[in-house]
Every structure is written in structure tokens, then in C-alpha cells.
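Summary of structural features
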Amino acid sequence: MCCPSATFAVWSAAWLHGAAASDDALDALLAWGEAHEVVAADEPTADTFDVPVTGNRPATLARLLAALRRHGATGAHLVLPVPGDPRGLGGGGPFTEAALRAGEAVLLAGLGYGVVPEILAEGLLRWTVFPLATSPVPEYRALGEAEHAMTDAIRDSAGALQALDIARDRPGVRDELSARLRSAPRLDWPAGTPGRALRVLQRATEVNAILALAHADDPGGAVSASAAAQRAQALRPLATAVRTAQCAAVNEAVRVFADQADRQP
């Protein structure tokens, strides 16, 4: 299912490059919550994007989209940072801290800003626009390379768990997995989104659901602290590969929409 930032990145790119209507982009984001609000982290950012500072009455996503077009944004770049792996965020500062807390963010290519979603309550998301402390160079990974790396990580993690003799099935796990996948938000993507990107996102969703069950079952078949640590270590590369594949799929879709617009007469 990826995340709200992925939906925002792809749909905003499609809208900015004439491949989607703004209403369709806004409707697609409703999969993540019935209400969305936008604020800025500081006064200069508020003036730039014509949205209020945090603590004041928030603006709408439509206003944020309008500001992106007004400032000539060409697309958005998805990042999925975690503690210990803040790739794509550049230096520190409030944006980096917020992105690490959320586990996701959108870099606004060429504008020097980032946007981080936060769940305030069930059905309510707040998007905060931050200035970037530095100008990070978006990290692009070829989609095919990221897909193969995820496949390799699945095999390697399974092999490592078997070698540790701590891989096991528990009763009802397949039903739990099916239920988790059914409960995921049903996402719409713009017409013209690359098919391979969608397939990679679907596969990553399935693997993420398996990882979530594995973490919920921690320590799984491990019977000692050291075995539990080895189990976590075996799963960590897979989680990294899934995040990388998700970013590659979303950022490839953004690139395709930009390229299609550039080729139009």
C-alpha cells in the first residue's frame, strides 16, 4: 500500500504535467483520510506557499497544489527514512526530524522544501511544509535494479532464517496475512502510471505485510535473546530492500509523467 507521501508524489506529478485533474489527485488522497490539512513550519515558508504557520487555522491540499504550480515545481521525490538510514534527507534540522518520526516524506524537487504527513486522528492527516536545511540530491535507483534487489533480499532472508532454524509458521498466519492485505487502503493511480512500477508496489505491499506479521510475532521461533537478535538482523536487509523498491517505483512514475510532458509539442 506504500504511504500517503507516495500517493501525493505520483498524483501531484501527474497533475503538474497535465496527466490528471486536480480533483482526481485530491480524491486519490482520501484513501488515507477523510480530511487533510496543510500548514508551514515557519513564517517564511508560510509566505512562500500561502499556507498558515503551525498553530493557526490550516489550509487545504488544493492550496498546496496551487502553490506547487505557481512556483514551477516539476515533481516530488519520495523518501522513506528510518532511524539509522536517513538516506535522501540531506542534513539535519526540523524536516529531517519530522521525516524520521513519520517514516516518510516528499522532497519538492528544485524548490528547496519538503512535506511531511502526520496522522492527527483517525481520518485526519496534517501535511507540514518545511524548508530544507541543505539541498539534498534526490537519490534515484533504477526500478529494475531495485526490484531484483528486493527479490534477492526475500530469498536471502528466508535462507538466513532457515539456517538459524528459527523460521516457522504459526497457525492461522495465512489468514492473518490475507486480512492485513484486505484492510490496506485501496489506492487509485493516475492513468499512465508505469505498469512495472505498480507491480513492484504491489509486491512490496505483500512483503511489507509479511514483515509486519513477523515483527508482531517477535521473537518468532527464536528461543533466546541472541537468536532473536539474529532473526531481526536477517529481516533488516529485506525491510531496507522493500523501502528502496517502493521509492524506486514511485520516483519512476514521477519521472515518466515529467518525460511525457516534455515530449508533448
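In the block above lies the structure referred to throughout.
Owing to the predicted nature of the structure, the values given are computational and were not obtained by experimental measurement.

Remarks on the pattern of salt bridges
Applying the stated criterion across every chain, the model contains nine salt bridges. Between D85 and R243 there is a salt bridge, and its shortest N-O distance comes to 2.9 Å. Pair noted here: D85 is in the loop between strand 2 (76–79) and helix 5 (94–102) and R243 is in helix 9 (residues 225–263), with a separation of 158 residues, a long-range link. When its relative accessible area of 15% is taken as the criterion, D85 is described as buried. Residue E206 is joined to R203 by a salt bridge in which the shortest nitrogen-to-oxygen separation is 3.4 Å. Residue E206 and its partner R203 are located together in helix 8 (residues 195–216), separated by three residues, close to a single helical turn. Since its relative accessible area comes to 37%, R203 is described here as partly exposed. One connected set of salt bridges, linked through shared partners, spans D85, R87 and R243.

Quick look at a negative patch on the surface
Together, D23, D24, D27 and D188 make up a negatively charged patch on the protein surface. Inspection of the secondary structure assignment puts D188 in the loop between helix 7 (173–183) and helix 8.

Considerations on the packing of aromatic side chains
If you walk through the whole model with that rule in mind, you get three aromatic pairs. Note on F49 and Y113: the rings are 4.8 Å apart at their centroids and 85° apart in plane angle, and the pair reads as edge-to-face. One end of the pair, F49, is in helix 3 (residues 43–49); the other, Y113, is in strand 4 (residues 113–121), and 64 residues separate them in sequence. F49 sits in the buried class, given a relative accessible area of 1%. Y113 sits in the buried class, given a relative accessible area of 15%. Above the ring of W15, the side-chain terminus of R69 is found at 3.9 Å from the ring centroid.

Parameters and conventions
- Residues numbered from 1 in each chain as written.
- Predicted model: local features only at pLDDT ≥ 70, side-chain atom pairs only at ≥ 80, totals over all residues.
- Heavy atoms only, no water.
- Salt bridge = Lys/Arg side-chain N within 4 Å of Asp/Glu carboxyl O.
- Helix = DSSP H or I, 4+ residues; strand = E, 2+ residues; numbered from the N terminus.
- Buried < 20%, exposed > 50% of the residue type's maximum accessible area, 1.4 Å probe, protein only.
- Patch = residues over 30% accessible without salt bridge, like charges linked within 9 Å, V, L, I, M, F, W, Y side chains within 5 Å.
- Areas by Shrake-Rupley, 256 points an atom, 1.4 Å probe, with all protein chains shown as cover.
- Lys, Arg positive; Asp, Glu negative; His and termini not counted.
- Charge placed at Lys NZ, Arg CZ, Asp CG, Glu CD.
- Phe/Tyr/Trp six-rings, centres within 6.5 Å; stacked < 30°, edge-to-face > 60°.
- Lys NZ or Arg CZ within 6 Å of the ring centre and 35° of its normal.

Function-wise, these values are silent; they only describe arrangement.
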